[in-house]
Structure formats: structure tokens, C-alpha cells
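Here's the letter readout for the chains.
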Amino acid sequence: MGLTENFATRADRMKASEIRELLKLLDQPDIISFAGGIPDPALFPTDAFSSAYTQTLSGASQDQALQYSVSEGYLPLRRWLAEHMAALGVPCEVDNILITSGSQQALDYLGKLFLSPNDTALVQWPTYLGALGAFNAYEPHYDRLTLRGNVTPQTYQDRARAVGGRVKFAYLSSDFANPTGETVDHEDRLAVLTLAEALDCAVIEDGAYQALRYDGEDIPPIMALEIAEKGSIENCRTIYCGSFSKTLSPGLRVGWVVAAKPIISQLVLLKQAADLHSPTINQMVVHQVAEAQFDNHVATIKAAYHARRDVMLAALEQHMPKGVEWTRPDGGMFIWLTLPKELDGADLLARSLESQRVAFVPGRAFHADGSGGNTLRLSFSCADAEMITEGMRRLGLLIQEALYEKRSIAP
């Protein structure tokens, strides 16, 4: 008997990320990739980070930077984040904030904290693949978070009991979601809170793309709306997850959680058991860079991504055949395509890599039930205008050819 026979049952729920696996195939220089939902490294504030590391390691702070630290996170960074969240309508104290190794770690901790086997997590359909990966290890059941329709709280409760658990939280990305690019409007944010009250469950709000709005007016975070209603973060069931990965740098792995103090206290215990604390030097450096130029840097990357989004939308209009639909996001990094039902995104990707050398992410992996075969995700963040235009031309040609073949052999 091999050791694999001794794995816990949760190991069966752990699946390789299709995106991470796909990225391994994209080293070839002739591939035009819209697959990775990653920021453009050419836009990183490299000089600012270099200076901050030098300063941190050459002054009186060097011992602190290289030493063990508190699990809650670097205090000056948490103070900066408290001011940042207040500007979003979320007044909080430093003790309402935990620094994590990216918001992905926050999702893992929240899954561990709330989910027992067979409990239900309400998620968008499709939803962030990384959230499904984080939650899967805790053996939940997924139900579709429906905010407009005839699904009642009682329906959710009955479904949860039928599979042997309770509804523990609703997870959603409220601004420019990965993978669809869509935004939850003000009315539906309030509907999430109403549903959570009826179910007595948490709301996990993923704010990874909140800063990247290009059009329209900002909508207050769900947590801000709940605080406005209840008067204090301590009365809130919303848990906000933020990240510097899409604004300053993903490689430093600095994210944060904002929640009522009893939730943060419990998450701190998970942090202590998992990795003690996030790297102190990275927190110190992120604090320096954020304090010096966060707003200015965000304005720079927004201008760049805004232009690329517009080029992709125009290219889709020009090159996509009839029957293909796509989202028109107000921000973020993604556009979501829905193909005619007879096409499959995974089959199309295999064919595209072979013939057109264009990469994207098939949509099935973003659906908790494995549906959505005729969908795909495009990211415009790391491609220039020429790449986007040529890539959409090739993709449109490929889809047209695939449709012709399907329909010409249909009975």
C-alpha cells in the first residue's frame, strides 16, 4: 500500500488549477496569450520597490525586517489599510485587519474557519476558480448564488439540509469579477445582505479588483453598505478580502482581511498554525510604496488597462462571428465570452494552440458543477493593442471555422 492510500478524504477534492497548468504551456514566444489574469510586469513600480528594499535593509529597521513578527501583520501597514478602507466607506480599526499571504490565503483560511464537510457555500455561476480551489479542501457543497429570481432563503436552507449541512457563507466578487468582468450593482449588494440575514450566514466579499474601475461611478463595498445600516463593523457579517496583487505587485503576496474583531481573532489563530506570519520585509516594503504612491500608481495602471479593454472590445465587435456574446466590463482585467452551444471552450483551446497560437481559459473550470462548456475567459491586461487586435482576428476566424464544421455535419 502506497502512502497515497493514507491521504485524507479532502485530498480527493483538490484539483490542479487549469490556469496554472495552462500557463506552463505558454513559454513559446509565438503564442498570443489572453490566458493569465495577471498584471503587466512592465507597469510594476520597480524603482520604488528597489528603493524601499534598500532602505529597509540598510537602516535601523533591518533587524525587524528579517525577524519573526506578530501574526496580525505589520502595524504601520495595518494603519495605512485602516485609512484606505475608511476612504471606501469602511471605518475600522487596526484590530479589524489581518495581513495574509495574498487574498488567496484569506480564502483558504475562511474556508477552513466556516466549512465543515457537506456545508453549503453560495457562489456566483461562474465564480473565481481560486475560490473553488481554496474551499474544495473543506468538502463543501456549492449552490448557485441567485439574487434575482424565485430562489428563496428557505429553498437554500432545504437544499443545504438535503446534502447534510448548513449554508455557511455567500462568496462573491462584487467589482469586475474574475472571470466575467461583471459588477454587482447597488441593489443586488443589498440583496446579498438581506439573504445572508435570512440564512444567518457570512458574506465573503472579494475586493481584488475594486481599485480598477474605468467607467461609471464607484459602488460602495457590501461591507460599507452593511456598516451604514448597522452602525459598526462589529455588527457586520460581511468579511472583506483585499489584495495588493492587482495594484502594486502579486509576487510579494500581500493581502488583507477586514472583519469584526471576533472573526479576525479566530483567523489569527489559523495564521499562527499555518505560517506564523506573512514575510515582514514584504509587508514593510509594501507599506512604504503604498504610502508614497498608491493612488498615483493605480491611476497609471488604470489608464493602461482601460485602453487595452477598449481595444479588445472593439476587436471583438469587428472579428467575432454572429452568435458569440461577451461582457462589457466597467473595470478589471477580464472579458467573458459565451459561444454558440455547439462549441466547447476546451476543444477550441486545443485547436487554437495548434493552429492559431492564441491562448485563453476555457470556462468550464469556473463553474462549480462543471457546466459552462461553451464559455471562455479573455484577459487584456498583458497584451498590447497590436496583439489584442491580431489575437481577436485569429480567434474569430477559429470560431467561425469551428461553427461551420459543426453546422455542416449536423443532421
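Residues numbered from 1 in each chain as written. Predicted model: local features only at pLDDT ≥ 70, side-chain atom pairs only at ≥ 80, totals over all residues. Heavy atoms only, no water.

Draft legend 1. Spotlight on the overall build of the chain. Counting its secondary structure elements, the chain contains 13 helices and 13 strands. Over its C-alpha trace the chain gives a radius of gyration of 22 Å, about what one expects of a compact globule, namely 22 Å for 411 residues. For the chain, the spread of C-alpha atoms along the three principal axes comes to 70 × 55 × 55 Å. Classification of the 411 residues of the chain by burial places 54% in the buried group. Taking the contacts inside the chain whose residues are at least 6 apart along the sequence as the reference set, 75% of them involve residues at least 24 apart. (Helix = DSSP H or I, 4+ residues; strand = E, 2+ residues; numbered from the N terminus. Rg over C-alpha atoms; globule rule 2.2 N^0.38 Å. Buried < 20%, exposed > 50% of the residue type's maximum accessible area, 1.4 Å probe, protein only. Contact = heavy atoms within 4.5 Å.)

Draft legend 2. Representation of the sheet that holds strand β2 (residues 97-100). Within the open sheet, the 7 strands sit side by side as β2-β8-β7-β6-β5-β3-β4. Their pairing is mixed. The open sheet has two edge strands, β2 and β4 (141-144), and neither has a second partner. For this sheet, the mean angle separating the axes of adjacent strands, direction not counted, is 25°. Packing against the sheet, helix α4 (residues 75-87) makes contact with β2, β7 (238-243) and β8 (255-258), and its axis sits at approximately 115° to β2. Its contacts with the sheet put helix α9 (residues 222-230) on β5 (167-172), β6 (202-206), β7 and β8, and the angle it makes with β7 is roughly 145°. (Pairing = 2+ DSSP bridges. Axes fitted to C-alpha atoms, helices over the stretch in contact; angles between N-to-C directions.)

Draft legend 3. Seen up close, the packing of aromatic side chains. This model, assessed by the stated rule, comprises 9 aromatic pairs. Relative to Phe169, the ring of Phe135 lies with its centre 5.0 Å away and its plane at 55°, an arrangement referred to as tilted. Of this pair, Phe135 sits in helix α6 (residues 129-136) while Phe169 sits in strand β5, and the two are 34 residues apart along the sequence. The pair formed by Phe135 and Phe169 is uniform in burial state, with each residue classed as buried. Aromatic side chains Phe135 and Tyr171 sit 5.7 Å apart centroid to centroid with 80° between the ring planes, which places their arrangement in the edge-to-face category. (Phe/Tyr/Trp six-rings, centres within 6.5 Å; stacked < 30°, edge-to-face > 60°.)

Draft legend 4. Here's a closer look at the state of the cysteines. Applying the stated criterion to the full structure yields 0 disulfides. With no disulfide of its own, Cys236 lies closest to Cys92 among cysteine sulfurs, the gap being 11 Å. (Disulfide = S-S within 2.5 Å.)

Draft legend 5. Fine view of the packing of helix α5 (residues 102-114) against helix α10 (residues 261-274). The contact between α5 and α10 brings their axes to 10 Å, and the two run at 110°. Relative to α10, the element α5 lies roughly perpendicular. On the side of α5, the interface is formed by Gln105, Tyr109, Leu110, Lys112, Leu113 and Phe114, while α10 contributes Ile263, Gln266, Leu267, Leu270, Lys271 and Ala274. Of the residues in the contact of α5 with α10, the class split is 8 nonpolar, 2 polar and 2 charged. (Parallel < 35°, antiparallel > 145°, perpendicular 65-115°, else oblique. Nonpolar A, V, L, I, M, F, W, Y, C, P; charged D, E, K, R; others polar.)

Draft legend 6. Structural view of the nonpolar core. Leu337, Leu378 and Leu395 are the most contacted members of the largest nonpolar core, which totals 48 residues. Mapped onto this core, the elements with two or more residues apiece are α11 (280-319), β10 (334-338), α12 (345-355), β11 (358-359), β13 (375-379) and α13 (385-408). Contact partners of Leu337, with chain neighbours within four places excluded, come to Leu316, Met320, Val324, Glu325, Trp326, Asn374, Thr375, Leu376, Leu378 and Leu395. Formed by 35 residues, the second largest nonpolar core is a distinct cluster that contains Ala48, Ala224, Cys236 and Val285. (Core = buried A, V, L, I, M, F, W, Y, C linked by side-chain atoms within 4.5 Å.)

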